[in-house]
Amino acid sequence: MIKAIFFDMDGTLLSHSLGDVPASARRCLALLRQKGILCFMATGRHLLELDNFPLADLEFDGYITVNGQLVLDSNKKLLFGSAFSEEAMETLSVIFRENRFPLALVEEHRMYLNYVDENVVQAQADIQTPIPPLGSWEGDAVYHGSIYLREHQLADLRQMLGDSCRLVGWYDCAVDVIPKEGGKVDGIQKIMERFGLAREEIMAFGDGENDRDMLLFAGIGVAMGNGKETVKAAADYVTDHIDQDGVEKALIHFGLV
């Protein structure tokens, strides 16, 4: 019996072609919560970015943000945070300070860049999000990073980071950097502990590489029809495209709405 569902945002709930959440997905979220099924957002985005999208009328029982590193309650108050280790920050701070690569650092209440290049401009435009402001790291806890590089440029980055961090792709000229033990599954496990949930009682929806682990972890993992092939291969069920009511069709398939 499914008691909780974790939804990725971009490409799963939020259609960038529509610039909105499909009406069918909105209806389903309301119906699920009426039935007592807990609904959580599980996104790579920071809370500051969510305000740029038409999501204010959607109610969730909690939020897993920045790929699992900041977990918020239904009122968007911090429940758990998993910051980078001192070892990881030693390397990331050098990359940031010396402008080795364009790097956005994400703190609990702040996100900022060291510099902007064409990769930053392209990636942020395609996800319909303003470029973060320029800033400097003052030693506060950092939970997440985004480095704007193309695949052929990642070898140098991997060598610099070693095994202190994980890289998670989200665009063809950008990757997310998270703590080595981090990821959306880490955030989900914290929610499971808080609500007394078992793996077989949870479902997860996603479309991107940063969703793959949570689809494998959940009792039922659903990949969107618009998702990457590697994500579809990790899922228990592949539904339709987001713009063809993919969320609703999967929930109907499993008898949840």
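Engineer: Got a minute to help me understand the environment of Cys-28 in this structure?
Structural biologist: If you trace the backbone, Cys-28 turns up in helix 1 (residues 23–34). We classify Cys-28 as buried; its relative accessible area is 2%. With 108 residues separating them along the chain, Cys-28 and Ser-136 place their C-alpha atoms 42 Å apart. The residues contacting Cys-28, other than those within four sequence positions of it, are Glu-248, Leu-251 and Val-257.

Engineer: Looking at this structure, I do not really get the sheet that holds strand 6 (residues 103–106). What am I missing?
Structural biologist: Strand pairing within a sheet occurs via backbone hydrogen bonds; the two strands may be parallel or antiparallel. Ordered in space as 7-6-8-10-9, the five strands form an open sheet in which the pairing is antiparallel. The sheet is open, and its two edges are formed by strand 7 (111–113) and strand 9 (165–171), each paired on a single side. Each strand of the sheet is rotated relative to its neighbour by a mean of 20°, with strand direction disregarded. With six bridges joining them, strand 9 and strand 10 (residues 174–179) adopt antiparallel strand pairing. If you follow Arg-166 over to strand 10, its bridge partner there is Ile-178. Contacting strand 7, strand 9 and strand 10, helix 4 (residues 118–126) runs over the sheet at an angle of about 65° to strand 9. Sheet strands in contact with helix 5 (residues 154–161) are strand 8 (144–147), strand 9 and strand 10, and its direction is about 155° off that of strand 9.

Engineer: I would appreciate a short explanation of the environment of Leu-215 in the present structure.
Structural biologist: Structurally, Leu-215 is set in helix 7 (residues 212–217). Residue classification places Leu-215 among the buried residues on the basis of a relative accessible area of 0%. Sequence spacing of Leu-215 and Asp-117 is 98 residues, and the spatial spacing of their C-alpha atoms is 33 Å. In this view, Leu-215 contacts Ala-204, Phe-205, Gly-206, Gly-221, Val-222, Ala-223, Val-231, Ala-234, Ala-235 and Asp-236; residues no more than four positions away in its chain are not counted.

Engineer: For this particular structure, what's the right way to read the layout of surface pockets?
Structural biologist: It is the rolling of a water-molecule-sized probe over the atoms that shows where space remains empty. If you add up the space inside the largest pocket, you get close to 740 Å³. In terms of lining residues, the largest pocket is bounded by 38 residues, among which Asp-10, His-16, Ile-127, Trp-170 and Tyr-171 are the most central. Residue assignment for the lining of the largest pocket shows that the elements contributing at least two residues are strand 6, helix 4, strand 8 and strand 9. Examining the composition of the lining of the largest pocket, we find that three residues originate from one element, strand 9, more than from any other. Grouping the amino acids of the lining of the largest pocket by side-chain chemistry returns eleven nonpolar, 16 polar and eleven charged.

Quick notes on the rules
- Along each chain, residue indices are assigned from 1 in the same order as the chain's sequence is written.
- Given that this is a predicted model, residues contribute local features only at a pLDDT of at least 70 and side-chain atom pairs are listed and counted only at 80 or more, while totals for whole chains, interfaces and linings are drawn from all residues.
- In computing side-chain properties, one takes all heavy atoms of the structure into account and sets aside hydrogens as well as water.
- By definition, any uninterrupted DSSP run of H or I lasting at least four residues is a helix, any uninterrupted run of E lasting at least two residues is a strand, and each is numbered from the N terminus.
- Buried, partly exposed and exposed residues are distinguished by accessible area as a fraction of the type maximum, computed with a 1.4 Å probe on protein chains only: under 20%, between the cut-offs, and over 50%, respectively.
- Between two residues, a contact is recorded if the distance between any of their heavy atoms is within 4.5 Å.
- If DSSP finds at least two bridges between two strands, the strands pair.
- The axes are straight lines fitted to the C-alpha atoms, using for helices just the contacting stretch, and the angles between their N-to-C directions are given from 0 to 180°.
- Grid spacing is 1 Å over the protein atoms alone, the probe is 1.4 Å, and a cavity is where that probe fits but cannot get out, while a pocket is an open set with protein on both sides within 12 Å along at least five of seven lines and lining residues have an atom within 4 Å of a point.
- Grid points are joined across faces, edges and corners, and a volume is the space filled by probe spheres set on the points.
- We call Asp, Glu, Lys and Arg charged. Ala, Val, Leu, Ile, Met, Phe, Trp, Tyr, Cys and Pro are nonpolar, and the rest, Gly among them, are polar.

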